Each structure stands twice: as structure tokens, then as C-alpha cells.
Amino acid sequence: MRLILGISGASGVIMGYHMLKALKHAPDMEVHLVITEGAALNFELETEMKTEQLAALADVVHSNRNLAANISSGSFHTDGMIVIPASMKTVAGIASGYAENLLLRAVDVCLKESRRVVLVPREMPLNRIHLRNIKECADCGCTIVPPMLTFYNGSDSLEKQINHIVGKILMQFGIDFKDFAPWKGENIDDWKEMFSGRLDFGRHN
Ligand SMILES: Cc1cc2nc3c(=O)[nH]c(=O)nc-3n(C[C@H](O)[C@H](O)[C@H](O)COP(=O)(O)O)c2cc1C
């Protein structure tokens, strides 16, 4: 399998690092990495990491300025692309087809070749422009996986929360991730009995 991993300059670039680590352990995986200038800045500002440490985890690292890279062409086969995190600027570029850097061009190519694209848009709160652009991306075939908190599997650390997001994204490509904790299932047939008397929040006169 060959995947493109794009890391753009939203907060949470560390999620891109965790994704790279997970892909490193996936069997028969070739990872092409593109880091935007904004992402490189955020690695400096938000983490202790140097972008060289990320490069060491990828099979191929592309300059975001190199619009002549192989992943810039549909004739170079890939199995799709993940953008984690996706800044609102990058989401806007994807939504409008404004492929002015390699990350944006690679997404554009994946979409025109009907390849899977997963976006992890990160901003809070979202204004109407953000929401419109995210919807436009979804309408154009992207799968939107916002970095939401998980509560049902005891993910009580930042690393576990990120692993949950990474696992949910990899599911989209049929890849198992050992650190992903799915919902195990629960028998709630008798939930009404379990909570009898405790669900009465009505007014008591
Ligand atoms: C510390 C820091 C945090 C940022 N967080 C976000 C964010 O969460 N979401 C976002 O859309 N932009 C965020 N930005 C702004 C983007 O980095 C900026 O719009 C940049 O131009 C994005 O370019 P890129 O998508 O090519 O990486 C942040 C910038 C900095 C310096």
C-alpha cells in the first residue's frame, strides 16, 4: 500500500507524528510525507520535535514547493491521502481546487483519481466559511474525521486520545492499529431496570 501523509499548519501537528509512527508499523506500507511551512512552524512552537525526526519515519519526503514531485501526477499510483491536521487554509484550498502547493495538488490529484482522502480539520470554533469549506470537501469525496475527544474506552491521556483518532482514520483504509481501543459492546437489554427510579427527573410537588 502507498499512502500520502500531509501535515498542515493547524494546531495539533503532533497528531501527524503519531500517524507517521502508526504507518511505520503497518505491513507493506510506503509513506510519502509532505509538511507545509505552517506545519514546520507549529512543530517548533508546539512540540519539542524537529521535522528531521518526522522525515526519518517516512519512506519519501517531498518539499511542499515541489509541484513536479511524483505525487503531483495521477499517473503515479497511490492508495489515497490523509491530511492531519488540516488547517482551515488548507481546507479552503482543497474546497476550491486551488492547488498552489504540493500538499494541495496531491489531494486534488487523489480526488480526480477517485482515491480515498481523509481530512482531519482542526479549528475551534468553526465559522461559516470553515463549515462551508468542510462540507464542500465532503461533497467532493473527502472523508471528514475531526479530532474529537473519545469517552467510551478509557482514553485518559492525550496519547490515547490521539491514538483513537489515528485508529479511526486507519479504519478508513482497512488498516488495523494495535493501539486503537474500539467499543467492546455492552448488554443494555435491561437498562430500564438498571436505572429504575433514577431516571425520574420530573418536577416533584
Ligand atoms: C501556533 C499556531 C496555531 C495555529 N492553529 C491553527 C488551527 O488550529 N487551525 C487553523 O486552521 N489554523 C491554525 N493556525 C494558522 C495556520 O498555521 C495558517 O493559516 C497557515 O497559513 C496555514 O497554512 P498551511 O495550511 O499551508 O499549513 C495556527 C498558527 C499558529 C502559529
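Provided above is the structure to which this section pertains.
The structure contained in this document is the topic of the report that follows. (Residues numbered from 1 in each chain as written. Predicted model: local features only at pLDDT ≥ 70, side-chain atom pairs only at ≥ 80, totals over all residues. Heavy atoms only, no water.)

Take the sheet that holds strand β6 (residues 142–144) next. Backbone-to-backbone hydrogen bonds pair the strands of a sheet. The strands run either parallel or antiparallel. Taken in spatial order, the 6 strands line up as β3-β2-β1-β4-β5-β6 in an open sheet, and their pairing is parallel. Each edge of the open sheet carries a strand with a single partner, namely β3 (60–62) and β6. The sheet shows a mean angle of 20° between the axes of neighbouring strands, direction not considered. Here strand β5 (residues 117–121) pairs with β6 via 3 bridges, running parallel. Within β6, the position partnered with Val117 by the bridge is Cys142. (Pairing = 2+ DSSP bridges. Helix = DSSP H or I, 4+ residues; strand = E, 2+ residues; numbered from the N terminus. Axes fitted to C-alpha atoms, helices over the stretch in contact; angles between N-to-C directions.)

All right, on to the environment of Tyr98 then. Topologically, Tyr98 is positioned in the loop between α4 (88–96) and α5 (102–112). The class of Tyr98 is exposed, set by a relative accessible area of 57%. C-alpha separation for the pair Tyr98 and Asp108, spaced 10 residues apart in sequence, amounts to 8.6 Å. If sequence neighbours within four positions are ignored, Tyr98 has contacts with Gly93 and Leu104. (Buried < 20%, exposed > 50% of the residue type's maximum accessible area, 1.4 Å probe, protein only. Contact = heavy atoms within 4.5 Å.)

Here we come to a nonpolar patch on the surface. A cluster of nonpolar side chains, contributed by Ile188, Trp191, Met194 and Phe195, occupies part of the molecular surface with about 380 Å² of accessible area. Inspection of the secondary structure assignment puts Met194 in helix α8 (residues 191–194). Overall, Met194 belongs to the partly exposed group, its relative accessible area being 44%. (Patch = residues over 30% accessible without salt bridge, like charges linked within 9 Å, V, L, I, M, F, W, Y side chains within 5 Å. Areas by Shrake-Rupley, 256 points an atom, 1.4 Å probe, with all protein chains shown as cover. Salt bridge = Lys/Arg side-chain N within 4 Å of Asp/Glu carboxyl O.)

A few words now on the side chain of Thr47. Along the chain, Thr47 turns up in the loop between α2 (37–46) and α3 (51–55). Within the local environment of Thr47, its side chain forms a polar contact with the backbone oxygen of Phe43, the two atoms lying 2.6 Å apart. From its side chain, Thr47 meets the backbone nitrogen of Met49 in a polar contact 2.9 Å long. Apart from residues lying up to four places away in sequence, Thr47 is in contact with Val13, Ile14 and Asn42. (Polar contact = N/O pair within 3.5 Å; in protein donor to acceptor, adjacent residues only side chain to side chain.)

Before going further, it helps to spend a moment on the environment of Glu52. Its location among the elements puts Glu52 in helix α3. When the C-alpha atoms of Glu52 and Phe76 are compared, they prove to be 25 Å apart, with 24 residues separating the residues in sequence.

This part is about helix α6 (residues 128–139). With 12 residues, α6 extends 16 Å from end C-alpha to end C-alpha; this agrees with the ideal 16 Å at 1.5 Å per step. By the burial criterion, the buried members of α6 are His130, Asn133, Ile134 and Cys137. Across the axial projection of α6, the buried residues extend over an arc of 100°, all falling on one side. Of the exposed residues in α6, the ones pointing more than 90 degrees away from its buried face are Arg128, Arg132, Lys135 and Asp139. Looking at the buried side of α6, the elements it contacts are α4, β5 and β6. Two or three places before Ile129, at the opening of α6, Asn127 has a side-chain oxygen 2.9 Å from that residue's backbone nitrogen. Gly141 occupies a position one or two residues after α6 and carries a positive phi of about 115°. (Expected span 1.5 Å × (residues − 1). Arc of directions from axis to C-beta.)

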